[in-house]
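The chain contents come next:
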Amino acid sequence: MKKVIFAAAVAFGLLFSAPLKAAEPSAASEFIDSLPEKLVFYIPNRLLDALDSFSVNLGAGLVAQARLMCTRAIDVGAGWGTTAKLYKSHNRQYGVGIEEMWYYSLISIGEEHYSMLNNSPWVDNYVEMRAGIPDPTVRTYDFFKGPRDYWAIGGSLGFLIDGDLYLHPVEIVDFVLGFLLIDIKQDDLTLDSFSR
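Residues numbered from 1 in each chain as written. Predicted model: local features only at pLDDT ≥ 70, side-chain atom pairs only at ≥ 80, totals over all residues. Heavy atoms only, no water.

Draft legend 1. Just empty space enclosed by the protein, in detail. The tally for this structure, following the rule as stated, stands at one cavity of 30 Å³ or more. What the largest cavity holds in volume is close to 280 Å³. Looking at the lining of the largest cavity, the elements that each hand over two or more residues are strand S1 (54–70), strand S2 (75–89), strand S3 (93–107), strand S4 (109–117) and strand S6 (153–167). Counted by class, the lining of the largest cavity contains nine nonpolar, eight polar and seven charged residues. (1 Å grid on protein atoms, 1.4 Å probe; cavity = no way out; pocket = protein on both sides within 12 Å on 5 of 7 lines; lining within 4 Å. Points joined across faces, edges and corners; volume = space filled by probe spheres on them. Helix = DSSP H or I, 4+ residues; strand = E, 2+ residues; numbered from the N terminus. Nonpolar A, V, L, I, M, F, W, Y, C, P; charged D, E, K, R; others polar.)

Right, dumping it as structure tokens:
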């Protein structure tokens with residue numbers, strides 16, 4: 001008798017839990033539903049991901065700096081000044097802005113005061129002040145929207161005219177995985193991108 005009651009309870013549980021499980025969309029069904037949209041935007045998204053893999057910024061002003069960086073934690077250099085720059089920067093920042101900064105760093109020992117103000121609409125305004133190793137959890141280094149890339153590799157150089165060149169390893173991984181329709185940065189164009 002106990003076996004019959006137990007079997008009935010299990011069958012009852014399975015019977016009423018099946019509709020609940022079916023109501024939750026699975027990752028596979030969401031992927032299949034979004035597949036036509038991913039295919040329509042496939043080439044534009046691969047091009048944007050390729051552009052995201054590097055930053056090039058050029059400026060002029062009262063500035064002197066020299067920096068080499070292999071992530072923000074391994075940073076060597078010093079700089080001071082104010083410069084007006086053209087930006088093609090991290091997380092799709094394109095435009096112009098005013099950069100005011102002073103910094104020094106020897107590996108992870110250093111200080112920085114960096115501000116980006118009076119920028120065009122597609123360049124983020126922010127101020128970062130730090131001593132020691134930069135904290136990757138602050139808003140400035142946010143994986144999806146932060147204006148600075150904690151994992152960047154590259155450098156800055158200049159006197160009166162300056163430039164920055166950086167590679168973004170996470171963006172390179174996003175570019176490679178994009179060929180398999182995987183978007184770890186969640187920045188691929190969709191139809192919703194044009195309705196905002």
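Draft legend 2. Up close: helix H2 (residues 27–40). Counted at 1.5 Å a residue, the expected span for H2 with its 14 residues is 20 Å, and the 20 Å between its end C-alpha atoms agrees. Taking the largest bend as the criterion, H2 deviates by roughly 45°, centred on Ser-34, and proline Pro-36 comes between one and four positions later. (Expected span 1.5 Å × (residues − 1). Bend = angle between axes of the 7 residues up to and from the residue.)

Draft legend 3. Here's a closer look at the sheet that holds S6. Spatially, six strands are ordered S5-S4-S3-S2-S1-S6 in an open sheet, and the strand pairing comes out antiparallel. Every interior strand has two partners, whereas the edge strands, strand S5 (126–131) and S6, have only one. Strand-to-strand twist of the sheet, defined as the mean angle between neighbouring strand axes without regard to direction, takes the value 25°. Alignment of S1 against S6, held across 14 bridges, turns out to be antiparallel. The partner of Gly-59 across the bridge, within S6, is Asp-162. (Pairing = 2+ DSSP bridges. Axes fitted to C-alpha atoms, helices over the stretch in contact; angles between N-to-C directions.)

Draft legend 4. Looking closely at helix H4 (residues 169–178). Regarding H4, the residues found buried are Glu-171, Asp-174 and Gly-178. When H4 is viewed along its axis, its buried side chains cluster within an angular range of 55° and face the same direction. (Buried < 20%, exposed > 50% of the residue type's maximum accessible area, 1.4 Å probe, protein only. Arc of directions from axis to C-beta.)

Draft legend 5. Quick look at the environment of Asp-49. Locating Asp-49 in the fold gives a position in helix H3 (residues 42–52). On a C-alpha basis, the gap between Asp-49 and Val-173 in space is 9.5 Å, while along the polypeptide they are 124 residues apart. If we ignore the near neighbours within four places in the chain, the residues touching Asp-49 are Arg-92, Glu-171, Asp-174, Phe-175, Asp-187 and Asp-188. (Contact = heavy atoms within 4.5 Å.)

Draft legend 6. Broad picture of the packing of H3 against H4. Direction vectors running N to C along H3 and H4 enclose 160°, while the axes themselves pass 8 Å from each other. As the angle between them shows, H3 and H4 are arranged roughly antiparallel. In this structure, H3 crosses over H4, and the sense of that crossing is left-handed. On H4, the residues touching Tyr-42, Arg-46, Asp-49, Ala-50 and Asp-52 of H3 are Glu-171, Asp-174, Phe-175 and Gly-178. Looking at the contact of H3 with H4 residue by residue, the class counts come to three nonpolar, one polar and five charged. (Parallel < 35°, antiparallel > 145°, perpendicular 65-115°, else oblique. Left-handed = near helix turned anticlockwise from the far one by under 90°.)

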